[in-house]
Amino acid sequence: MSRKILIINTGGTLSAVMKGNGLIPGLSIYDMQKELRMVSGDTDIEIEDFCSLDSANIFPEDWGLLAERISECRNQYGGIVVIHGTDTLAYTSSMLSFMLRNIGIPVVITGSQLSITNPVADAMENCRCAIHMAASQIPGVFVAFNRKVMLGCRASKVRSLSFDAFESINYPNIATISSLGMKIDTTAVPERTGIFKLANSYSDKVCMIKMFPGIHTEFVEAVADQGYKGLYIEAYGIGGMPFLKHDFIGTLDKIIRGGMTVVVGTQCRYEGTKMDVYETGKRALGIGALEACDMTGEAALTKLMWILGMTDDLSEIRDYYSINVAGEITGLSL
Ligand code: ASP
């Protein structure tokens, strides 16, 4: 297998320049090649631009095309690095983990909090770590940031300004870099479960809401009326939702019977849901809501989009959602 690494640029702060309206991703991959060649050392790299976007402007159609491009290139390279804005990076890394399930090479997504043109930026270090991981021959979709490597479907942006912007949620880091070099925890890398087949369809008729005291049930009814097929709810604690004065769970019951898939996750960053404890959680399970368990919000949402892009069969959706596709769910609430 070729050991050459392909670096694909999608934009973000790493490639940013200051313009009249503020920072924009203004550098092409060719403008950054000197720096990238500096950090790649002995590793042979090729570079290409995919797009040049602030990641707030990345949409599911970009995920589909990016997955297709990576799939096309996978046999020509030993690994692929994707440069991406940090804001939606974890959504992209989660969706790519599903669309590129069982890929045979490392696909490593990275970005930075400061532009590569800034001498004190984290950009070079993050690219160095990503290229190193991409050359590791360990297959899967990963995120490299601040001297650590995380599973793509477990990474989440937890800090808006610090260099330590990402954490691996409810899952160990795949690798860390210290004065001893890069140490990869191979026991944390999910095993490939079959042959690779690009699966880049998705449904964008999916909505996400955060529970808050005062939420109106009409809001959820309106979502269902708009033809949405899936709803991901960030509920309270281990999966709590109201059912007394305002019967939110009763409304969910109606929309689930109408054919919508509802997944219940949590607003808590760590440890996930456990809906078989309180009456409220049991009620939600009783009406057929699915449980996000220890998935990140990014993985829970993109998994729903991905599955709804493949099937409309309600029992298939239910079965697929509980399967561990790429290491995103342990199935056990902690
Ligand atoms: N707004 C930028 C983006 O997500 C932030 C970053 O890259 O750090 O594209």
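Use the structure listed above.
A.B. asks: Residues and numbers for the pairing of strand β8 (residues 148–151), please.
C.D. replies: With four bridges joining them, strand β7 (residues 140–145) and β8 adopt antiparallel strand pairing. Bridged to F142 within β8 is L151. Between β7 and β8, which pair antiparallel and follow one another directly, the connecting turn spans two residues, one of which, N146, has a positive phi of 50 degrees. Of the strand pairs in this sheet, β8 and strand β11 (residues 175–178) are connected by two bridges, and their pairing is antiparallel. Pairing of K148 across the sheet is with T176, part of β11.

A.B. asks: Would you mind going over the side chain of S15 in detail, with residue names and values included?
C.D. replies: Summarising the element assignment, S15 is placed in the loop between β1 (5–11) and β2 (16–19). The buried category is assigned to S15, whose relative accessible area is 0%. A distance of 3.0 Å separates the side chain of S15 from the backbone oxygen of G12, its partner in a polar contact. Not counting residues within four places of it along the chain, the set of residues in contact with S15 comprises N9, I24, P25, G26, L27 and M32.

A.B. asks: How would you explain the pairing of β7 if you had to name every residue and give the values?
C.D. replies: The two faces of the sheet receive side chains in turn, since in a regular strand these alternate between them. The buried fraction of β7 amounts to six of the six residues, a majority that puts the element mostly inside the structure. Burial of β7 is two-sided: the residues G140, F142 and A144 facing one way and the residues V141, V143 and F145 facing the other way are all buried. Chirality of the crossover, the property in question, places the unit of strand β6 (residues 106–110), helix α4 (residues 123–134) and β7 among those that are left-handed.

Cut-offs and rules
- Every chain is numbered independently, its residues counted from 1 as its sequence is written.
- In keeping with the model being predicted, local features are shown solely for residues with a pLDDT of at least 70 and side-chain atom pairs are shown and tallied solely at 80 or more, while totals for entire chains, interfaces and linings include all residues.
- Where side-chain values are given, they derive from all heavy atoms of the structure, hydrogens and water being excluded.
- Criterion used throughout: strands pair if DSSP finds at least two bridges between them.
- A run of H or I in DSSP becomes a helix once it reaches four residues, and a run of E becomes a strand once it reaches two; helices and strands are each numbered from the N terminus.
- Only protein chains enter the accessibility calculation, which uses a 1.4 Å probe. A residue is then buried if its area is under 20% of the maximum for its type, exposed if over 50%, and partly exposed in between.
- Between N or O atoms, a polar contact is any pair within 3.5 Å; within protein, one atom must be a potential hydrogen donor and the other a potential acceptor, and residues adjacent in sequence are included only when both atoms are from side chains.
- Here, two residues are considered to be in contact whenever any of their heavy atoms come within 4.5 Å of each other.
- Crossover handedness is defined by viewing with both strands directed away from the observer: a clockwise path from the first strand over the helix to the second marks the crossover as right-handed.

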